[in-house]
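So you can see what is in the structure, the chains are spelled out below.
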Amino acid sequence: MNKARDGRIKRRIADNATAYTFLAAGLLCFGLFSWWPLIKGIILAFQQDNFVTEPEWVGLSNFQAVLDDPLFWTAWKNTLFFTALALVFGYLVPFAVAIVVHELRHLKGFFRFAVYLPVMLPPIVTVILWQYFYDPGNGLFNAALSALHLPTSGWTQSPRMVMVSLVLVSTWANMGGATIMYLAGLASIPGDLYEAAELDGAGVWKRIRHVTLPQMRFLLLVLLLLQIVATMQVFIEPYQLTGTTNPDSITVMVLIYRYAFTVNNDFGMAAAMSVLLFVVLGAFSAVYLRLTRKS
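Owing to the predicted nature of the structure, the values given are computational and were not obtained by experimental measurement.

In this structure, what is going on with the UniProt feature "transmembrane region" (unreviewed entry) in the chain? I would like to understand it.
In the numbering used here, UniProt assigns the feature "transmembrane region" (unreviewed entry) to residues 20-39, 80-101, 113-133, 161-184, 216-236 and 267-289. Between the C-alpha atoms that bound residues 113-133 the distance is 23 Å, and the span itself is 90% helix and 0% strand. Counted over residues 267-289, helix gives 100% and strand 0%. Its end C-alpha atoms are 32 Å apart.

Where do I start with unusual backbone geometry in this structure?
Among all residues except glycine, the phi angle is most often negative; among peptide bonds, the trans geometry is most common. Of note, L107 is a non-glycine position whose phi angle comes to about 60°, a positive value. Along the chain, the position of L107 falls in the loop between α3 (70-103) and α4 (108-120). Look at L107 and you get exposed, because its relative accessible area is 60%.

Help me understand the side chain of T83, please; the structure alone is not making it clear to me.
Along the polypeptide, T83 turns up in helix α3. Judged by relative accessible area, T83 falls into the buried class, the value being 6%. With residues near it in sequence (within four places) discarded, T83 still touches I228, T231 and M232.

Please explain the packing of aromatic side chains as it appears in this structure.
Where two aromatic rings form a pair, the distance of their centres and the angle of their planes describe that pair. Summed over all chains, the structure comprises 22 aromatic pairs. Consider the rings of F72 and W76, whose centres lie 6.4 Å apart with planes at 65°: the pair is edge-to-face. On the criterion of helical spacing, the pair formed by F72 and W76 is a turn pair, its members being four residues apart in helix α3. In this structure F72 comes out as buried when scored by relative accessible area, which is 5%. Following the ring pairs from residue to residue traces out a cluster consisting of W130, Y132, F133, Y134, F141, W155 and W172.

Explanation requested: the packing of α3 against α4 in the structure shown.
Remark: α3 packs on α4, axes separated minimally by 9 Å, with the N-to-C direction vectors making an angle of 160°. It follows that α3 is roughly antiparallel to α4 by the angle criterion. As α3 runs across α4, the sense of the crossing is left-handed. Contact residues: α3 offers V97, V101 and H102, while α4 offers K108, F111, R112 and V115. Considering only residue class, the contact of α3 with α4 consists of four nonpolar, one polar and two charged.

What exactly am I supposed to notice about the layout of surface pockets here?
Picture a little ball the size of a water molecule; that probe, rolled over the atoms, points out where space is still empty. Here the largest pocket defines a volume of roughly 590 Å³. Lining the largest pocket are 31 residues, and of these S170, N174, M175, Q227 and A230 lie nearest its centre. When its volume is computed, the second largest pocket comes out at roughly 400 Å³. Every residue lining the second largest pocket is counted, 17 residues in all, and those nearest its centre are L38, S274, V275, L277 and F278. Secondary structure elements with two or more residues in the lining of the second largest pocket: α1 (2-44), α12 (252-262) and α13 (267-292).

It is not clear to me how a nonpolar patch on the surface should be interpreted in this structure. Could you clarify?
Residues F30, L32, F33, W35, W36, I39, I43 and W57 make up a contiguous nonpolar surface patch of roughly 920 Å² in combined accessible area. No other element matches the seven residues that α1 contributes to the nonpolar patch. By relative accessible area, which is 34% here, I43 ends up partly exposed.

Cut-offs applied
Residues numbered from 1 in each chain as written. Predicted model: local features only at pLDDT ≥ 70, side-chain atom pairs only at ≥ 80, totals over all residues. Heavy atoms only, no water. UniProt positions renumbered as here; feature names shortened; annotations may be inferred. Helix = DSSP H or I, 4+ residues; strand = E, 2+ residues; numbered from the N terminus. Buried < 20%, exposed > 50% of the residue type's maximum accessible area, 1.4 Å probe, protein only. Contact = heavy atoms within 4.5 Å. Phe/Tyr/Trp six-rings, centres within 6.5 Å; stacked < 30°, edge-to-face > 60°. Axes fitted to C-alpha atoms, helices over the stretch in contact; angles between N-to-C directions. Parallel < 35°, antiparallel > 145°, perpendicular 65-115°, else oblique. Left-handed = near helix turned anticlockwise from the far one by under 90°. Nonpolar A, V, L, I, M, F, W, Y, C, P; charged D, E, K, R; others polar. 1 Å grid on protein atoms, 1.4 Å probe; cavity = no way out; pocket = protein on both sides within 12 Å on 5 of 7 lines; lining within 4 Å. Points joined across faces, edges and corners; volume = space filled by probe spheres on them. Patch = residues over 30% accessible without salt bridge, like charges linked within 9 Å, V, L, I, M, F, W, Y side chains within 5 Å. Areas by Shrake-Rupley, 256 points an atom, 1.4 Å probe, with all protein chains shown as cover. Salt bridge = Lys/Arg side-chain N within 4 Å of Asp/Glu carboxyl O.

Here is the structure:
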């Protein structure tokens, strides 16, 4: 019995050793490129460092300097406003598009490709394309409005329209991934449920409310969390379309860039702001998952 048990233990150890050997390269890359930069960034938040001179340990001074910056609350306000708008456009629109594409009888593959195509473009290419659309002089959008004899807009130059303009770019560029996930979720819903609903006289809206939404509840909750976390880190759209000095569009990530590369040249302040963003997103994710874990 002891020999048999010892043999099973040895085989189990050998199997685990083989598994960890295959995982070693992946774990090494993950630790080197994910966890180590995270730890280094937290350490950097307590230092004054421009990557030229020797770093100086300053404790909580970076956090105090960040909190005293008038742009700190402006950046958070703009980021939260962008996130709220993105939930209206970037969260609901892909779901509606997925339902429409799922109900199509013909050319379903073509429309799936068309919806996903913007995701395959490099983000900077997408933003430059929309920069042409928004051009107040010869831009496509203002040309279309002029042709219809409607008032033109300053788009990214207008304080009233700038955040809406940024959200439209972000939605168009990223909705393809969410739409494909929604289509996969819709395809997994048993057709018998829809047939039973139709026999009960349920129309399109009732079928969506009583069949589609309950069956996709988990996917909707997961994508909502991912959407909020992603939009809170928006950078490319405001950076390329409005720059780093516009107070109407500056976001948390743009402010981090300003601390590191333009105004302060202090990577310690940038790291401190990054840590604050990490804490906020981590706390939100923990609360959100706790509230929805039974869903």
